[in-house]
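Architecture and fold: a report
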Amino acid sequence: MPGRVQLALNVNDLTESIAFYSKLFGTEPAKLRPGYANFAIADPPRKLILMENPGQGGSLNHLGVEVADTDAVDAEQTRLAQAGLASADERDTTCCYAKQDKFWVAGAPDGELWEIYTVLDDSPTFYGQDAQQRPVGGAPRASSPNQQPMRRRQAAADPLR
């Protein structure tokens, strides 16, 4: 699966974390928004996402693989289905200040949340225009596991619950 591995971390203090990771990786964030920073690191290819979530700093928010386009998203979803892994589809969604096509992989052994996604366009908002309608807590719904803020979703063990 060619692409760029993504690691999304919860951080207590975004400013402090940006300073640390800028030094660690020798680059500044590619995208900076309120409570959110996105580092696109070229070598080796990876994306580091920092999500300000006081009291949860140092914990994993979610993992992902960014692929080139929607065809690659489709190909990976097909490949994983053939390997027996279920997924929850999300197309034309807004998340993390980006319009995306993606799916969430179910069944990680320790409940990790993995997404396979492509960025279609930038967005001025974290969740798009329907942000007021997003649930604030609880487990993701099977129809759309990404309908709640990332900081709340990290506790869900299975993205298809």
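Residues numbered from 1 in each chain as written. Predicted model: local features only at pLDDT ≥ 70, side-chain atom pairs only at ≥ 80, totals over all residues. Heavy atoms only, no water.

Attention shifts here to unusual backbone geometry. Along the chain, D43 connects to P44 via a cis peptide bond; the corresponding omega equals -10°. As for its placement among the helices and strands, P44 is situated in the loop between β3 (36-41) and β4 (46-52). In the Ramachandran plot, Y97 falls in the positive-phi region, its phi being about 60° despite a non-glycine side chain. One can find Y97 in the loop between β6 (87-95) and β7 (98-105). The class for Y97 is buried, based on a relative accessible area of 7%. (Helix = DSSP H or I, 4+ residues; strand = E, 2+ residues; numbered from the N terminus. Buried < 20%, exposed > 50% of the residue type's maximum accessible area, 1.4 Å probe, protein only.)

This part is about the packing of aromatic side chains. Following the criterion strictly, the structure yields 6 aromatic pairs and no others. Ring centres 6.1 Å apart and planes at 15° place the aromatic pair Y21 and F25 in the stacked group. Taken together, the positions of Y21 and F25, both in helix α1 (residues 14-25) and 4 residues apart, correspond to about one turn of that helix. With relative accessibility at 18%, the residue Y21 sits in the buried group. Taking relative accessible area as the criterion, F25 reaches 27% and is therefore assigned partly exposed. Put simply, the rings of Y36, Y97, F126 and Y127 touch in pairs and so form one group of aromatic residues. (Phe/Tyr/Trp six-rings, centres within 6.5 Å; stacked < 30°, edge-to-face > 60°.)

Taking burial as the measure, the 6 residues of β3 include 5 buried ones, the bulk of the element. Sheet topology places strand β2 (residues 31-33) next to β3; 3 bridges connect them, and they run antiparallel. Within β3, the position partnered with L32 by the bridge is A37. Remark: 2 residues form the turn of the hairpin made by β2 and β3, two consecutive strands paired antiparallel; G35 in that turn has positive phi of roughly 75°. Inspection of the sheet shows β3 paired to β4 by 6 bridges, in the antiparallel sense. Considered in β4, the bridge of F39 is made with L48. Counting the residues that bridge the hairpin from β3 to β4 gives 4 residues. (Pairing = 2+ DSSP bridges.)

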